[in-house]
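Residue-level structure breakdown
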Amino acid sequence: TGRCVVAVDGPSGSGKSTVSRRLAAGIDARYLDTGAMYRAVTWAVLRSGVDPADAEAVAKVAAEVELRIGTDPQGYGVTVDGVAVDAPIRGPEVTAAVSAVAAVPAVRALLVARQREMITNAGRIVVEGRDIGSVVAPDAELKVYLTASETARAQRRSAQDAADVAATAADLARRDRLDSTRKADPLQQTADAVVLDTTELGIDEVVARLRELLTERG
Ligand code: C5P
């Protein structure tokens, strides 16, 4: 029960959240959803009436808000200045603006520092995002990169959000492009990551495979 950091990266709809939460609960670790942190800052940006494309104004909002997030894999809360934002950060307005906010280097610097602090305090934790293995926790004990076919990803996300599959597919493609091509900490697969395709494997098999890998690595 010493330090154990598992980094889970991949595009939207790859099964990251479900896999990460189940793995964390199964190995008695904490869980950090870094996407929720970028979403919470985006909610604050929209609330303040700032244009998500105005990097300077966005960075100012990010520096001023008080963001809190839990790390319980069975259910965590996110608050911005004391307001619970768990529901609105999953809404279409935030989803449409989050990639622009997450591309601002000053926002990333701030959130990456918070994430590293939480990881150090937790000791045993599963962390999911886009840049965990590459930037946030390059020394993680296990790095996982999850993928899935575009069709499978769009189907999962549209089922989760009760949205139209075609519209969801278009939104996923747009966010993937922005997240992979931005200059600051883009989504990337590190050379030392275990790559698993959840189209073929299914969530439970992926979780079982990761537990095997952790056991093998001691
Ligand atoms: O994972 P989720 O879809 O909630 O992430 C929302 C957005 O937050 C992503 O599309 C990406 O723009 C950003 N993000 C990021 N770095 C992370 C996690 C999320 O840039 N580590």
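Residues numbered from 1 in each chain as written. Predicted model: local features only at pLDDT ≥ 70, side-chain atom pairs only at ≥ 80, totals over all residues.

1. Examining the UniProt feature "domain: Cytidylate kinase" (unreviewed entry) in the chain
Definition in use: UniProt positions are given in the numbering used here, feature names are shortened, and annotations may be inferred rather than shown by experiment. Only DSSP runs of H or I covering at least 4 residues are called helices, and only runs of E covering at least 2 are called strands; the numbering of each starts at the N terminus.
Cross-referencing UniProt, the feature "domain: Cytidylate kinase" (unreviewed entry) maps to residues 6-213 in the present numbering. Secondary structure content for residues 6-213 is 54% helix and 15% strand, while the C-alpha to C-alpha distance between its ends is 11 Å.

2. Overview of the nonpolar core
The line we're drawing: We call a set of buried Ala, Val, Leu, Ile, Met, Phe, Trp, Tyr and Cys residues a nonpolar core when their C-beta atoms link them within 7 Å. Counts of 20 or more other C-beta atoms within 10 Å of a residue's own C-beta define buried residues, counts of 12 or fewer define exposed ones, and intermediate counts define partly exposed ones; C-beta atoms are placed from the backbone. Here, residues touch in the contact sense if the C-beta positions derived from the backbone fall within 7 Å of one another.
Ala40, Val127 and Val144 are the most contacted members of the largest nonpolar core, which has 55 residues in total. No other element matches helix H2 (residues 34-47), which puts 9 residues into this core. Residues within four places of Ala40 in sequence aside, it is in contact with Leu67, Val78, Val80, Val85 and Ile89.

3. Quick word on the site of the ligand
The following threshold applies: Only the C-beta atom, placed from the backbone, is used; a residue is near a molecule or strand if that atom lies within 6 Å of it. Here the nonpolar group is Ala, Val, Leu, Ile, Met, Phe, Trp, Tyr, Cys and Pro; Asp, Glu, Lys and Arg are the charged ones; every other residue, Gly included, is treated as polar.
As a structural note, the neighbourhood of the ligand is formed by 13 residues, with Gly35, Tyr38, Ala102, Gly129 and Arg130 the closest of them. Broken down by secondary-structure element, the contributors of at least two residues to the shell around the ligand are H2, helix H4 (92-102) and helix H8 (165-181). The element best represented in the shell around the ligand is H2, accounting for 4 residues. In terms of residue class, the shell around the ligand is built from 3 nonpolar, 5 polar and 5 charged.

4. Observations concerning the sheet that holds strand S1 (residues 4-9)
So the rule is basically this: Strand pairing is assigned whenever DSSP identifies at least 2 bridges connecting the two strands. Axis angles are defined between N-to-C directions and span 0 to 180 degrees, where every axis is a line fitted to C-alpha atoms and, for a helix, only to the segment in contact.
Read across the sheet, 5 strands follow the order S2-S6-S1-S7-S8 without closing on themselves; strand pairing throughout is parallel. A single partner strand is all that each edge strand has here, and the edge strands are strand S2 (30-33) and strand S8 (194-197). Strand-to-strand, the axes of this sheet are offset by a mean angle of 20 degrees, without reference to chain direction. Direction of pairing for S1 relative to strand S7 (residues 142-147): parallel, over a ladder of 4 bridges. Its bridge partner being in S7, Val6 is matched across the sheet by Leu142.

5. What about the sheet that holds strand S5 (residues 83-84)?
With antiparallel pairing, the 3 strands of this open sheet are ordered in space as S3-S4-S5. Whereas interior strands pair on both sides, the edge strands pair on one side only; in this sheet they are strand S3 (67-69) and S5. The sheet contact formed by strand S4 (residues 78-80) and S5 spans 2 bridges and is antiparallel. Its bridge partner lying in S5, Thr79 is registered against Ala84.

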